[in-house]
Amino acid sequence: MEMHCDRREFIRTGVSAGVGAALAGCVTGAGGKGPRVWRKGQLHAHTIWSDGQALPEEALAVYRARGFDFVCLSDHDQFPTATDHWISVEKKFGEWPYHLAEEALQRAEKLAPGSIRVRDVWCRRYVRLKPFAELARQFNEPGKFLVVPGQEVSRSCHMNVFNVDAKLEDELTDLTGKDISRANVTKVARRIREVYLRHARPNGRSFLMMNHPYWLTWDVDPRVMLDVPELQVWEICNNGSEEAPRELDIEKAWDFVLAHRLANGGRLVYGTATDDAHSYEVSRRHTNCGTEGGWVVVDCPGELTADNLSQAILRGDFYATCGVEIEDFSFDDMTRTLSVRARPRANEKLRIEFITTKRGFDRSIVEQHVRAVQKEELFRDLPKVNDTIGRVVKTVEGPVGSYALADDDLYARAVVISDRPTVNRTAHYPKTQRAWIQPVRGV
């Protein structure tokens, strides 16, 4: 089952003297129970088990070397259990879905020496793909690095499963086609969730995430997140998509969902940033389908386990980022103050924007005809988010700021924006680095 909770139940600093006092001294974690233990993690990554360009050994070795604490391998419609699965090695990657190229095999052998099994048969070369259990035994280091079971269910919408070691694909053979209408995507999302719940870990120890709602042609109308109110997590930073529409920004869509959900007494929805990586070579770092384009940082002061990470994410006790580092954030339940302290790097300028939607906002929904950023032949109808939703109510220049929620605020969230540019230039990917603080409930 999924765990649903008001984040105010978990983050209480008990401080009422403003941001200076709220963030002074020891950094406190969820519930103020101890120091923060930030765990850097990747929730969405692919290997040659589906359409990635690398062996899983390369993917995991690269993330571990770059300071990640956990990685959820999420190959399309796969949870690898086969113990004798071999694939051919080709000279080049070829067309999508890619072959394993000789250069990728060589990189994996350098990063994980002695662990790759290769078999030569006449003029052909084959390599063995390791199942998840073997990869976990090879890479897991208690307290230091964790491989989390997962998969990406790929239908009319794509949804990631975190900390479930079962192949949901076998139970979803009834879902076919690419109908991206709101009605069909809602039906598909509900069906995926139904199958997920059969395998979910209880008490919030696993979760289901709606992936890249703006890809390929804004496949997930934000009203789907209202139609499936049980979903608590979705991606708000991914590679982006040149086919995505210019008229509906992903953060505006997030505020649209938050406003309408909370006005109806529903749950918060949290935003994640991910790589959706398919390639791990150095030249692809910070580029489309490469690494370090988006990740989450989770406060996990206890044992580094997938159970603990999942529960922290479902509490909203994490931030999402494409480069900006956060030292602390907190919500004081007594003063209803959301406080943020970022960690600026050398010569980096930061500003913090606090965003809310007021109770009594204009709830009328008008559809607009939208076209893709580049491929204008692609179009569809989506809701127009009016100006009463997702307003910036306070801007602070610098790395430290706070906002006291007004009596009529449905929620508040914060974005820390850097002046450092990002490399990826696809639509719906930020032009400068930023970090997203999860929303807290107001009225």
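Up top you'll find the structure we're talking about.
First, a word on what this report is: a plain description of the structure on this page. None of these values were measured; they are calculated from a predicted model.

**Concerning the overall build of the protein**
Of the regular secondary structure elements, the protein holds eight helices and 23 strands. Its C-alpha atoms give the protein a radius of gyration of 22 Å, within 12% of the compact-globule value 22 Å for 443 residues. Reported as C-alpha extents along the three principal axes, the dimensions of the protein are approximately 75 × 50 × 45 Å. Here the protein holds 443 residues, and 60% of them are scored as buried. Accessible surface computed for the protein: about 17,600 Å², of which carbon and sulfur atoms make up 49%.

**Considering the sheet that holds strand E3 (residues 85-90)**
Across the sheet, four strands lie side by side as E4-E3-E6-E5; this open sheet has mixed pairing. Two strands bound the open sheet, and with one partner strand each, they are strand E4 (100-101) and strand E5 (118-121). Here E3 pairs with E4 via two bridges, running parallel. Within E4, the residue paired with Val89 across the bridge is Leu100.

**Considering the packing of aromatic side chains**
As enumerated under the stated definition, the model contains 10 aromatic pairs in all. When the centroid spacing of 4.8 Å and the interplanar angle of 70 degrees are considered together, the rings of Tyr63 and Phe68 count as edge-to-face. Across the pair, Phe68 and Tyr63 agree in class, each one buried. Ring centres of Phe68 and Trp295 lie 6.3 Å apart, and the angle between their planes is 70 degrees; this geometry places the pair in the edge-to-face category. Taken together, the residues span a long stretch of sequence, with Phe68 in the loop between helix H2 (56-65) and strand E2 (70-73) and Trp295 in strand E13 (residues 295-299) at a distance of 227 residues. Through successive ring pairs, a cluster of aromatic residues spans Tyr63, Phe68, Tyr280 and Trp295. A cation sits over an aromatic face here: Arg36 above Phe329, 4.7 Å from the ring centre.

**Some words on helix H7 (residues 250-263)**
Helical geometry: 3.6 residues make up each α-helical turn, so side chains three or four residues apart lie on a common side. With 14 residues, H7 should cover 20 Å at 1.5 Å per step; its first-to-last C-alpha distance of 20 Å lies within 8% of that length. For H7, a buried count of 12 out of 14 residues is recorded, marking the element as mostly surrounded by other parts of the structure. For H7, the set of buried residues is Ile250, Glu251, Ala253, Trp254, Asp255, Phe256, Val257, Leu258, Ala259, His260, Arg261 and Leu262. Capping the start of H7 is the job of one residue whose side-chain oxygen sits 2.8 Å from the backbone nitrogen of Glu251: Asp249. Remark: Gly265 follows H7 within two positions and exhibits a positive phi of approximately 75 degrees.

**Examining the environment of Val185**
Positionally, Val185 belongs in helix H5 (residues 182-199). Placed 16 residues apart in sequence, Val185 and Glu169 show a C-alpha to C-alpha distance of 17 Å. The residues contacting Val185, other than those within four sequence positions of it, are Ser156, Cys157, Asp179, Ile180, Asp219, Val220 and Val224.

**With respect to the nonpolar core**
In terms of nonpolar packing, the biggest core is built from 75 residues, with Phe70, Cys157, Phe162, Ile192, Met210, Trp234 and Trp436 touching the most fellow members. With eight residues, the top contributor of residues to this core is H7. Listed in part, the 41 residues of the second largest apolar core include Tyr63, Ala136, Tyr280 and Ala414.

**Concerning the sheet that holds strand E14 (residues 318-321)**
Pairing in this open sheet of nine strands is mixed, and the strands run E7-E2-E1-E13-E14-E23-E22-E17-E20 from one edge to the other. Looking at strand neighbours, the two that pair on one side only are strand E7 (146-148) and strand E20 (391-397), the edges of this open sheet. On average, adjacent strands in this sheet sit at an angle of 25 degrees to one another, irrespective of strand direction. In terms of strand pairing, strand E1 (residues 38-45) meets E13 through four bridges, oriented antiparallel. Note that in E13 the partner of Lys40 across the bridge is Val297. Sitting on the sheet, helix H4 (residues 132-139) touches E2 and E7, and the angle it makes with E7 is about 165 degrees. Set on the sheet, helix H8 (residues 306-314) makes contact with E1, E2, E7, E13 and E14; between it and E13 the angle comes to about 95 degrees.

**Remarks on the packing of H2 against helix H3 (residues 102-111)**
Packing of H2 against H3 leaves a shortest axis separation of 8 Å and a crossing angle of 50 degrees. The angle between H2 and H3 falls in the class oblique. For the pair H2 and H3, the crossing hand works out as left-handed. Residues Glu58, Ala61 and Val62 of H2 form the contact with H3, whose participating residues are Ala104, Arg107, Ala108 and Leu111. Its residues assigned to classes, the contact of H2 with H3 comprises five nonpolar, no polar and two charged.

Procedures and definitions
Residues numbered from 1 in each chain as written. Predicted model: local features only at pLDDT ≥ 70, side-chain atom pairs only at ≥ 80, totals over all residues. Heavy atoms only, no water. Helix = DSSP H or I, 4+ residues; strand = E, 2+ residues; numbered from the N terminus. Rg over C-alpha atoms; globule rule 2.2 N^0.38 Å. Buried < 20%, exposed > 50% of the residue type's maximum accessible area, 1.4 Å probe, protein only. Areas by Shrake-Rupley, 256 points an atom, 1.4 Å probe, with all protein chains shown as cover. Pairing = 2+ DSSP bridges. Phe/Tyr/Trp six-rings, centres within 6.5 Å; stacked < 30°, edge-to-face > 60°. Lys NZ or Arg CZ within 6 Å of the ring centre and 35° of its normal. Expected span 1.5 Å × (residues − 1). Polar contact = N/O pair within 3.5 Å; in protein donor to acceptor, adjacent residues only side chain to side chain. Contact = heavy atoms within 4.5 Å. Core = buried A, V, L, I, M, F, W, Y, C linked by side-chain atoms within 4.5 Å. Axes fitted to C-alpha atoms, helices over the stretch in contact; angles between N-to-C directions. Parallel < 35°, antiparallel > 145°, perpendicular 65-115°, else oblique. Left-handed = near helix turned anticlockwise from the far one by under 90°. Nonpolar A, V, L, I, M, F, W, Y, C, P; charged D, E, K, R; others polar.

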